[in-house]
Amino acid sequence: MLLVTLAVASLLIFLITAVLPGNVGRIILGPFASEAAVESLNRELGMEQPVPVRYLSWMGGVLRGDWGQSHTLDTAVLPLALERLGRSLLLAAYALLLLVPPALLAAVIAGRRPDSMFDRTVSVIGLSLGAMPEFVTGVLLIMVFGVLLGWLPVQALPPEGAGLLESLRYLLMPALSLALLLFAYLFRMARAGMIQELGTAYTRTAVLKGLPRGAVIRRHVLRNALLPTVTVIGAQVGWLVGGLVVVETLFRYPGIGSLVHAAAVDKDIPLLAGCALLITLVYTLANLFADLLYAALNPRVRHAWGRD
Amino acid sequence: MARVTRRFHHSCVDRRRRRLLQALGIGGAAVGMGAAGWPLPGLAGDESPSPGGTLRVALPQASTIDPLRVSSGAGIAIVQQVGEYLVQADESLQLRPMLATDWSSEEGGRTWLFRLREGVRFHDGREMTAEDVVATFRRLVDPDLESVARSQLDFLSADGVHAEDRYRVRFRLDRPVGAFPYYTHIYNAVILPADYDGGFADNPVGTGPFRLTRFRPRESAVFERNPEYWDAPKPHLERLEFGLYDGDQPQVLAMRGGEADLMLFVGHTESRPLLDDEDVRILAAPSPQHRQLAMRSDRPPFEDRRVRRAVALALNRQSMVQALLGGNAERGNDHPVASVYPEADALDLAQREQDLELARQLLAEADLGNGFSVDLHIGRIAELPQYGVLAQQMLREIGIDVNLQVEPLNTYYEHWTEVGFGLTDWVGRPVPEQILSVAFRGDAEWNAAHWRHETFDTLVRKLEAEPDAEARARLCARLSAILNEEVPAAISYFTHALRPIRRNVRGVRADMSNYLDLTDAWLA
Amino acid sequence: MLRGQPATLLLGLTMIGVWLVTAALAPWLAPADPAAIALDAMEQRPSMEHLLGTDNYGRDMLSRVLHGGRHVLAIAPAATLLGLLLGSVVGIAAAYAGGWMDELIMRLLDAIMAFPVVVLALLALTALGPSTLNVILVIGLVFAPLIARTARAAALVEARREYVQAARLRGESVGYILLREILPNIRGPLAVEGTIRLGYAVFTSATLGFLGLGIQPPAPDWGVMVSENRSLLIHAPWTVLAPAAAIAFVVIAFSLVADGLRERDEA
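Residues numbered from 1 in each chain as written. Chains lettered and ligands numbered in written order. Predicted model: local features only at pLDDT ≥ 70, side-chain atom pairs only at ≥ 80, totals over all residues. Heavy atoms only, no water.

Participant: Is there a simple way to think about the overall build of chain A in this case?
Facilitator: Secondary structure assignment for chain A yields 13 helices and zero strands. Burial status across chain A gives 55% buried among its 308 residues. Sequence-distant contacts, at least 24 apart, represent 70% of the contacts inside chain A between residues at least 6 apart. Surface summary for chain A: the accessible area is close to 13400 Å², and the carbon and sulfur share equals 69%. (Helix = DSSP H or I, 4+ residues; strand = E, 2+ residues; numbered from the N terminus. Buried < 20%, exposed > 50% of the residue type's maximum accessible area, 1.4 Å probe, protein only. Contact = heavy atoms within 4.5 Å. Areas by Shrake-Rupley, 256 points an atom, 1.4 Å probe, with all protein chains shown as cover.)

So, in structure tokens, the structure goes:
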């Protein structure tokens, strides 16, 4: 299934990038190069070959591990994209770390007493934060913590040889703007799951049996309330990557998001196609992982798998 | 306003510039402040450079850094630390020797002989000789290579460059070129080893003051001092760290946050947050950089030159300079011969002022008294979209209804020479004929106005061939007068090149072409 | 009629009403031409004359924000409608067809959804070039697969119901069954999905504007305004805060309505 999705995706990516209008040679050489030089470069890049031929030769290269050479950046696509992907994953992981525990904790507290003061306050704050595009929260964070207070560096790329703590300090603002983007969504899903589980028969039975409420929540409810949350995180990886495009551009963090943005603007087709394929791969894997985790957490599905 | 101008220092106070600044009404303050308190970089007498240190430079994103293809501002700045030119134009556009020690012409500018500096070594230890210079220029004009510079060197062919001996190079041009030495200073003409094969990012070898030790695309470039540099004890700095940023805003933040010491260049609007910063000052250099509002003169409505002149008369240039650039520009007169060029001294054209009455009258004479509507295409860069809005407001006064088509820059460059009415940003070139010839000659590739004028073409050819300063100035005066009369493109102003630096940075200048020369730079 | 409706729904609807009215009446409400550059009024703080201050070209921020609402009004509903139309047709068709057709369609949609929305929009807008129509098309197209998923899930439940079986036995055409039998019964989930997507459409068009791929300046688009005025953040924060607040206002309004609708359905 994974392979089918990727095959379809690779075809789509290539088709979209292939029909991008715009003269690659002109973009690379700038407005003041002669027409002859531009044509010569286009020939060299194989731009005049038919699309199917270009797709097959690209796909062949991809399978062999040769993802081509970037048109604009004097370097091979695969190592560059992998390096950037690694950075983006680090940022995304940091964002999830800032996001998941507080959101789940808030959801558990809020879900125990729906419509309490706490529930309402967190809901409203979460809603407002989730409604702000990441470029708005990012700009506001920069203004407050970077410029007015001067507590945090305004660019995310840590200097050479920075330790872990130092790197985390540099990444705090971008990770925070990503986390705020998803907080409301996760909080609401987890809270709904929590309320639903608390209302089910077995929970009521467990409480009636005289088990302490805290223990019930820990043993039964939490796990069941986590289930939809796992799916949500899997499905939101797409949003997260979209957020990366903006946040990385805003905070000057050389990750895959800013790279794919630059490749699209510069019409650097090998780079664009390579990055898009890599992002698709990660997204598909994340969803697969979320499905597996869901299965592992959910006794019913686990059981069903055993039967198959 | 007072605050803005006070904080802009002028890196050079030569005669021409002072006159220009005074014309703008800001010269006295700026120059006075510079002399009174804050030492101008590189001009302070009582400070001697202290060696060592790392300079952190903020630049916009660079695409390729292959010298043959490089065209982005940051890419050029990276290349310029590693490689050097035969000559270099200083801030008053005088040439000074670099890899060539002296040069002379024969046959009235048809043949040029350059004597090379002896004992200059490439970063790989080999000596730079005439062979390398010949190979470099042959590459630049090789039609099989994707050379950006070839269109600027259309008078040179590969077999026109020869090594006379180990240290002398002869250029035999297809036609006389009076200012040829300036052309050896175009961005791409850094001297590379004869066996250069295109892999500059992997193996950057030049003769420059710094060695590129690490380059990460779209991220950073790190340089170490070249201890074998021919002009020892320069360079003073031990290390350079170039950071590449997406746009002006993050660079400005890096300056404010103390994460960068120098910013390659900045737009006027974006520079505003830096004016408050006590640690930063902004150097300014008048430049020939300008915007051309080109009008297709081969089709209606602009085929009638009265219509084109009406457009030029509708523009209030002083307002544009104030609103768009906060005064950091010099008014233009619809020709590209900026007053920074020595040739501009002989110009005696009256400054074109806004004259709506005359503009309306010209339109009426052209049977367009009821006005017309027209699409104006603009690439999205710097203040150009707002230029469009101002032009729209001003042209509405004379009945021209402008429909703005703002496009991403790459989209605009796809068709900028085709559109009927377009606004293009032009970079500064060291000699005026470089722009006159590529933008306005009848058969020039970048003649966006599709304007043809035989006398003009003849005079441009003459100017290109003319080595004598006074004759050049006279020719420029005639050419400017034709353009001012015909207005294939309205040129409202010449911007100043702005370069923010941290207060402890010495020996750096703002540059009209945004060249970044750090040979003399040091940290106090 | 309003009695007994959830408070969130009412609040959300009120906020949307405010936006609709101000956007529709912007040319009359706005005190100034949103594009007019005024040399004598650059970067002024909010005052009685300029309630939200002016930007670095002396343009009245209130007028720009009001007019910016019109762009969103033009884009978000049209894009969502397009997404709903495409998405529900594909989703219901997949559910009804079942079997390998369903499988194939869903795999294709998975592949499309594997692209992050912004990246997909980025690709498409680079290809098509930025214009209001293209922004609508692109947002509609990238939303369609998401909506198709919801439509399919809801339709799957309905397709097994007896009334559908009965219609089939009656010999009704496929089109009739899809449109007249199934569609009306999944209106609820689609309405909620549509409202959520409306909010995201506002969000996405602002993001595209910010990245320079949506509406081009000097048009008063909220995302473009935030992006353009970023450099004024320290000097003139109101030039960034006003459009940012406007984006948040509309997005929050749609989230509230979506919440309210869900609450009402549950009750």
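Participant: Hey, could you run me through the interface of chain C and chain B in this one?
Facilitator: A common measure of how large an interface is: the accessible area buried when the components associate. Contacts between the two partners involve 22 residues from chain C, matched on the other side by 22 residues from chain B. For the pair chain C and chain B, the summed buried area comes to about 2000 Å², and 59% of that belongs to carbon and sulfur atoms. In this assembly, chain C and chain B are joined by one salt bridge. Between chain C and chain B we count four residue pairs in polar contact (both at pLDDT 80 or more) in total. Across the side of chain C that touches chain B, the residue classes tally to 12 nonpolar, six polar and four charged. (Buried area = accessible area lost by both parts, 1.4 Å probe. Salt bridge = Lys/Arg side-chain N within 4 Å of Asp/Glu carboxyl O. Polar contact = N/O pair within 3.5 Å; in protein donor to acceptor, adjacent residues only side chain to side chain. Nonpolar A, V, L, I, M, F, W, Y, C, P; charged D, E, K, R; others polar.)

Participant: In this structure, what is going on with the domain arrangement of chain A? I would like to understand it.
Facilitator: Residues and elements named next belong to chain A. Splitting chain A by domain gives domain 1 (2–64) and domain 2 (78–307). Tallying the contact residues gives 16 residues for domain 1 and 12 residues for domain 2. Of the roughly 1300 Å² buried between domain 1 and domain 2, counting both surfaces, carbon and sulfur atoms make up 84%. When the area that domain 1 buries against domain 2 is broken down by residue, the three leading residues are Leu2, Leu6 and Ile13, summing to 34%. For the pair domain 1 and domain 2, the interface holds zero salt bridges. (Domains from an automatic or database assignment.)

Participant: Any chance you could explain the sheet that holds strand S5 (residues 100–106) of chain B here in plain terms?
Facilitator: Hydrogen bonding along the main chain pairs the strands of a sheet, whether they run parallel or antiparallel. Residue and element names in this part refer to chain B. Spatially, four strands are ordered S5-S6-S8-S7 in an open sheet, and the strand pairing comes out antiparallel. The two strands at the open ends of the sheet, each matched to only one other strand, are S5 and strand S7 (161–165). Going from strand to strand, the sheet's axes swing by 20° on average, the running direction of each strand aside. Of the strand pairs in this sheet, S7 and strand S8 (residues 168–172) are connected by four bridges, and their pairing is antiparallel. Considered in S8, the bridge of Asp165 is made with Arg168. (Pairing = 2+ DSSP bridges. Axes fitted to C-alpha atoms, helices over the stretch in contact; angles between N-to-C directions.)

Participant: Which parts of the structure should I look at to understand the pairing of strand S13 (residues 280–295) of chain B?
Facilitator: Where a strand is regular, its side chains alternate between the two sheet faces. All names here are of chain B. The buried fraction of S13 amounts to 16 of the 16 residues, a majority that puts the element mostly inside the structure. Pairing analysis gives eight bridges linking S13 to strand S19 (residues 493–502), with the strands arranged antiparallel. If you follow Pro286 over to S19, its bridge partner there is His496. Judged from the two bridges that link them, S13 and strand S18 (residues 489–490) form a sheet pairing that is antiparallel. Its bridge partner being in S18, Leu293 is matched across the sheet by Ala490.

Participant: Mind showing me how you'd approach the interface of chain A and chain B here?
Facilitator: The partner chain B presents 39 residues to the 41 residues of chain A that form the contact. Between chain A and chain B, a total of about 3300 Å² is buried, with carbon and sulfur atoms accounting for 52% of that surface. Along the contact surface separating chain A from chain B lie three salt bridges. Across the salt bridge formed by Arg216(B) and Glu83(A), the nearest N and O atoms sit 2.3 Å from each other. Remark: the boundary between chain A and chain B carries seven residue pairs in polar contact (both at pLDDT 80 or more). Breaking the side of chain A that touches chain B down by element, the ones donating at least two residues are helix H2 (24–29), helix H3 (35–44), helix H5 (77–112), helix H7 (134–148), helix H10 (213–251) and helix H11 (256–266) of chain A. Of the residues that constitute the side of chain A that touches chain B, the class distribution is 20 nonpolar, 11 polar and 10 charged.

Participant: Any chance you could explain the confidence of the model for chain B here in plain terms?
Facilitator: Any segment with low pLDDT has predicted coordinates that should not be analysed in fine detail. Residue and element names in this part refer to chain B. Summarising the model, chain B shows a mean pLDDT of 87, and 91% of its residues fall at 70 or more. Taken element by element, the predicted model of chain B shows its lowest mean pLDDT in helix H3 (residues 27–36) (30) and its highest in S8 (97). Confidence drops under a pLDDT of 50 for residues 1–45, and excluding neighbours within four residues, the segment shows 83 contacts in the predicted structure. This complex was scored by the predictor with a pTM of 0.82 and an ipTM of 0.77. (pLDDT = per-residue confidence, 0-100.)

Participant: Honestly, the packing of aromatic side chains in this entry has me stumped. Any pointers?
Facilitator: Aromatic ring pairs are defined here through the distance separating the ring centres and the angle between the ring planes. Residues and elements named next belong to chain B. Evaluated as defined, the whole model comprises 29 aromatic pairs over all chains. Their ring planes at 40° and their centres at 6.2 Å tell us that Trp112 and Phe180 sit as a pair that is tilted. Placement of Trp112 in strand S6 (residues 111–116) and of Phe180 in helix H6 (residues 180–183) is noted, with a sequence separation of 68 residues between them. In this structure Phe180 comes out as buried when scored by relative accessible area, which is 0%. With 5.0 Å between their ring centres and 85° between their planes, Phe137 and Phe171 make a pair best called edge-to-face. Of the two residues, Phe137 is situated in helix H5 (residues 130–141) and Phe171 in strand S8; the sequence distance between them amounts to 34 residues. Across this residue pair, the class does not change: Phe137 and Phe171 are buried. (Phe/Tyr/Trp six-rings, centres within 6.5 Å; stacked < 30°, edge-to-face > 60°.)

Participant: Would you mind showing me how to read the pattern of salt bridges here?
Facilitator: Oppositely charged side chains can form a pair if their charged atoms are brought close together. By the definition in use, this model includes 46 salt bridges over all chains. Notably, a salt bridge pairs Arg84(A) with Glu219(B), separated by 3.4 Å at the nearest N-O pair. Separated into two different chains, Arg84(A) in helix H5 and Glu219(B) in the loop between strand S9 (210–216) and strand S10 (220–225) make up a pair that spans both. Like Arg84(A), the residue Glu219(B) is buried in the burial classification. Residue Arg170(B) is joined to Glu164(B) by a salt bridge in which the shortest nitrogen-to-oxygen separation is 2.9 Å. Connected via shared salt-bridge partners are Glu83(A), Arg84(A), Arg87(A), Arg216(B) and Glu219(B).

Participant: I would appreciate a short explanation of unusual backbone geometry in the present structure.
Facilitator: Note on backbone geometry: most residues besides glycine have negative phi, and most peptide bonds are trans. Residues and elements named next belong to chain B. The omega torsion across Lys234 and Pro235 is -5°, close enough to zero to call that bond cis. Going from Pro300 to Pro301, the amide bond is cis rather than trans, its omega being 0°. Its location among the elements puts Pro301 in the loop between S13 and helix H9 (305–314). Although it is not a glycine, Val487 adopts a positive phi angle of roughly 45°.

Participant: Looking at this structure, I do not really get the environment of Leu2(A). What am I missing?
Facilitator: Residue and element names in this part refer to chain A. Counting through the fold element by element, Leu2 comes out in helix H1 (residues 2–19). Among the residues examined, Leu2 registers a relative accessible area of 27% and is labelled partly exposed. Along the backbone, Leu2 and Gly257 are 255 residues apart, and their C-alpha atoms lie at a distance of 23 Å. Setting aside its immediate chain neighbours within four residues, Leu2 contacts Thr284 and Leu285.

Participant: I keep staring at the packing of H5(A) against H11(A) and nothing clicks. Help me out?
Facilitator: Relative placement of two packed helices is described by the angle separating their axes and the distance separating the axes. Residues and elements named next belong to chain A. Put simply, H5 and H11 touch, their axes get as near as 7 Å, and they point 135° apart. The orientation of H5 relative to H11 falls into the category oblique. Residue-level inspection shows Leu80, Ala81, Arg84, Leu85 and Ser88 of H5 in contact with H11, the latter providing Ile256, Gly257 and Leu259. (Parallel < 35°, antiparallel > 145°, perpendicular 65-115°, else oblique.)

Participant: Where do I start with the pairing of strand S17 (residues 421–426) of chain B in this structure?
Facilitator: All names here are of chain B. For S17, a buried count of six out of six residues is recorded, marking the element as mostly surrounded by other parts of the structure. Where burial is concerned, the two faces of S17 agree: the one with Phe421, Leu423 and Asp425 and the one with Gly422, Thr424 and Trp426 are both buried. As paired strands, strand S15 (residues 372–379) and S17 are joined by two bridges and run parallel to one another. Its bridge partner lying in S17, His377 is registered against Gly422.

Participant: Would you mind going over helix H4 (residues 99–113) of chain C with me for this structure?
Facilitator: Along an α-helix, residues three or four apart share an orientation, since each turn contains 3.6 residues. In this model H4(C) runs 21 Å from its N-terminal to its C-terminal C-alpha over 15 residues, within 8% of the 21 Å that 1.5 Å per residue would give. Buried within H4(C) we find Asp102(C), Ile105(C), Met106(C), Leu109(C), Asp110(C), Ala111(C) and Met113(C). (Expected span 1.5 Å × (residues − 1).)

Participant: Would you take a moment to explain the packing of helix H6 (residues 117–131) of chain A against helix H8 (residues 164–199) of chain A for this structure?
Facilitator: All names here are of chain A. H8 packs onto H6 with a crossing angle of 140° between their chain directions and a minimal axis gap of 7 Å. Between H6 and H8, the interaxial angle falls into the category oblique. Note that H6 runs across H8; the crossing there is left-handed. Contacts between H6 and H8 involve Asp119, Val122, Ser123, Gly126, Leu127, Leu129 and Gly130 on the former and, on the latter, Leu180, Leu181, Phe183, Ala184, Phe187, Arg188 and Arg191. (Left-handed = near helix turned anticlockwise from the far one by under 90°.)

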